[in-house]
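# Reading the structure
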Amino acid sequence: PRGVGWICNHLYQYQGFWYTARKLLGAINCQGHFKAQDTDLLLVTNPKSGTTWLKAIAFAIVNRKRYSFSHHPLLTTNPHELVPFLEIKLYVDDHVPDLATFTSPRLFSTHLPYLSLPDSVKHSKCKVVFLCRDPKDTFISLWHFTSKLRTSGQEPISLEEAFHRFCRGVSLYGPFWDHVLGYWNESQERPDRVCFFKYEEMKEQPAVHIRRLAKFLGYPFSPEEEEEGTVEEIFRLCSFDTLSNLDVNKNGKMESGEEYRTFFRRGVVGDWVNYLTPEMVDEFNRITDQKLGGSGLTF
Ligand code: A3P
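Residues numbered from 1 in each chain as written. Predicted model: local features only at pLDDT ≥ 70, side-chain atom pairs only at ≥ 80, totals over all residues.

### Points about the overall build of the chain
- From N to C terminus, the chain includes 15 helices and 7 strands.
- A compact globule built from 299 residues would reach a C-alpha radius of gyration of about 19 Å, and the chain, at 19 Å, matches this within 12%.
- Going through the 299 residues of the chain one by one, you find that 36% of them count as buried.
- Of the contacts made within the chain by residues no fewer than 6 positions apart, 74% connect residues no fewer than 24 positions apart. (Helix = DSSP H or I, 4+ residues; strand = E, 2+ residues; numbered from the N terminus. Rg over C-alpha atoms; globule rule 2.2 N^0.38 Å. Buried ≥ 20, exposed ≤ 12 C-beta atoms within 10 Å, placed from the backbone. Contact = placed C-beta atoms within 7 Å.)

### As for the sheet that holds strand β6 (residues 127-132)
- Spatially, β5-β4-β6-β7 is the arrangement adopted by the 4 strands of the open sheet, whose pairing is parallel. Sheet topology places β5 (107-110) and β7 (194-198) at the edges, where each strand pairs with a single neighbour. Between one strand axis and the next, the sheet turns through 20° on average, direction left out of account.
- Across 5 bridges, β6 lies against β7 in parallel orientation. By the bridge assignment for β7, Val128 is matched with Val194.
- Across the sheet, helix α8 (residues 176-189) is in contact with β4 (41-45), β6 and β7; its angle to β7 comes to roughly 125°.
- In the packing of helix α10 (residues 206-217) onto the sheet, contacts are made with β4, β6 and β7, and the angle to β6 comes to roughly 155°. (Pairing = 2+ DSSP bridges. Axes fitted to C-alpha atoms, helices over the stretch in contact; angles between N-to-C directions.)

### Regarding helix α2 (residues 51-62)
- Between the first and last C-alpha of α2 there are 16 Å, a value that for 12 residues agrees with the 16 Å anticipated at 1.5 Å per step.
- Of all the residues in α2, the buried ones are Thr51, Thr52, Trp53, Leu54, Lys55, Ala56, Ile57, Ala58, Phe59, Ala60 and Ile61. (Expected span 1.5 Å × (residues − 1).)

### So, the site of the ligand
- Every one of the 21 residues lining the ligand counts as a neighbour, but Thr51, Thr52, Ser141, Arg265 and Gly267 are closest to it.
- If you list the elements that add at least two residues to the shell around the ligand, you get α2, α6 (135-149) and α13 (240-244).
- Its residues assigned to classes, the shell around the ligand comprises 7 nonpolar, 9 polar and 5 charged. (Near = placed C-beta within 6 Å. Nonpolar A, V, L, I, M, F, W, Y, C, P; charged D, E, K, R; others polar.)

### Quick look at the packing of α2 against α10
- α10 packs onto α2 with a crossing angle of 60° between their chain directions and a minimal axis gap of 10 Å. One way to sum up the angle between α2 and α10 is to call them oblique. In the packing of α2 onto α10, the handedness of the crossing is right-handed. For the pair α2 and α10, contact is made by Ile57, Ala58, Ile61 and Val62 and by Ile210, Leu213, Ala214 and Leu217, respectively.
- When the residues that make up the contact of α2 with α10 are grouped by side-chain class, the tally is 8 nonpolar, no polar and no charged. (Parallel < 35°, antiparallel > 145°, perpendicular 65-115°, else oblique. Left-handed = near helix turned anticlockwise from the far one by under 90°.)

### Details of the packing of α10 against helix α12 (residues 230-237)
- It is the contact of α10 with α12, at a shortest axis distance of 10 Å, that shows an interaxial angle of 105°. With respect to α12, the axis of α10 lies roughly perpendicular. Contacts from Pro206, Ala207, Ile210 and Arg211 in α10 reach Val231, Glu232, Ile234 and Phe235 in α12.
- Across the contact of α10 with α12, the residue classes break down as 6 nonpolar, no polar and 2 charged.

### Here's the deal with unusual backbone geometry
- Geometrically, the link from Ser104 to Pro105 is a cis peptide bond, its omega value of 0° lying close to zero.
- With respect to the helices and strands, the residue Pro105 is situated in the loop between α4 (86-90) and β5.
- Cis geometry is adopted by the peptide bond preceding Pro175, which originates at Gly174 and carries an omega value of 0°.
- If you trace the backbone, Pro175 turns up in the loop between α7 (159-168) and α8.
- Positive phi, close to 75°, is recorded for Lys48, a residue that is not glycine.
- Here Lys48 shows up in the loop between β4 and α2.

All we've got here are geometric facts, nothing functional implied.
As structure tokens, this is what we get:
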């Protein structure tokens, strides 16, 4: 496709970020065809930053009047089916989906960097939620995920090699730091349009951030709902323990063949201590300081 720069071990660079061939075609197709509506809600993450969790929480918030917590779609359907990815699921390859069946507000997700969002998203009033995660945990999670997805015929990629690529920015939707910074800057300039969350903060104070998310999305909790414990219900329903133990998430798979259980590994903060050498940690910190220094964003 036009505009594709270089190719590195089957990742293709487009508008400064790295994609697999399939995701790149999906991205270009989505840029060309997706028409955002003012009422759309778009959930954005870097891969392995807690996308599945964010999808579950946002879906539960927005649809809480439609479903009871005991018969909730999240109990039988994986969050990725309830909140589809634009460039990975809906606009995959050169398919142009019919979105007429989606009722308002439409909830979509994407890993696209801010720069590469379809123009209609940038020019509409639709709300964008960005969730990020410490680069060290994101990297470890990504390494596990891609190791599991590699088919038996492919060479496993060592942690060291994956680390060097990640630090050079050559990772899926990388460079990680530029991806995060694009949304951070936008959230500072237009806080009514882009709201920024951190995985670590959500783990520490889930109720605070579920309320913040609900308010930003335009679905704040009423005093009655607060009284009834709705925030806690949503937190419990979307927790790692609940979702990872559901039959659908233990045994189901995506159309593309990826098993849902690969999206649930440990779900904790700081697992990187079990994998990274002190030199690797120094390198992560150095890049983070260099790329994010002065932006106000820290990890
Ligand atoms: P780990 O590999 O560190 O365990 P994504 O959803 O963006 O693919 O991210 C996957 C990461 O989020 C994995 O991290 C996964 O375990 C974690 N995760 C999935 N569901 C979660 C939940 N409900 N709460 C917290 N973390 C969750």
